[in-house]
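These are the residues of each chain, in order.
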Amino acid sequence: MKMINISVITPVYNAELFIKKSVESALNHEVVKEVILIEDGSTDSSHHECERLLKIDSRVKLYTHPNNSNRGAAESRNLGIRKSSSE
């Protein structure tokens, strides 16, 4: 049986209080190869929290839009899809 690998794509906007739990939940699953965080121009400490999560697990990846602009959830998901390496 072929083992599947999954990329979890998470748009992040003003989610500093929730992003850690979200990432930890995804990483608990064996099939998750990477968790891609797309920081979407947050005005809180979300970007800092995402950077902290990068140091905890090498499967966490962080991307932003040009100039750290806010592009919305759909564009953030599209960026995550372009950056993903799994299904």
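Since we're looking at a predicted model, the values are computed, not measured.

A. View of helix α1 (residues 19-27). Of all the residues in α1, the buried ones are I19, V23, A26 and L27. Buried residues of α1 fall within an arc of 95 degrees about the axis and therefore sit on the same side. In this structure, the buried side of α1 is in contact with β1 (6-12), β2 (32-39), α2 (46-56) and β3 (60-64).

B. Layout of the pattern of salt bridges. Counted under the stated rule, the structure contains four salt bridges. Of the charged contacts, one joins E49 and R52 as a salt bridge, the two residues approaching to 2.9 Å between their closest N and O atoms. Taken as a pair, E49 and R52 lie in helix α2 at a separation of three residues, close to a single helical turn. Since its relative accessible area comes to 32%, R52 is described here as partly exposed. With a closest N to O distance of 3.6 Å, E75 and R82 form a salt bridge. Of the residues examined, E75 reaches a relative accessible area of 28% and is grouped as partly exposed. Residue class for R82 comes out exposed when judged on its relative accessible area of 56%.

Scoring rules and cut-offs
- Residues numbered from 1 in each chain as written.
- Predicted model: local features only at pLDDT ≥ 70, side-chain atom pairs only at ≥ 80, totals over all residues.
- Heavy atoms only, no water.
- Buried < 20%, exposed > 50% of the residue type's maximum accessible area, 1.4 Å probe, protein only.
- Helix = DSSP H or I, 4+ residues; strand = E, 2+ residues; numbered from the N terminus.
- Arc of directions from axis to C-beta.
- Contact = heavy atoms within 4.5 Å.
- Salt bridge = Lys/Arg side-chain N within 4 Å of Asp/Glu carboxyl O.

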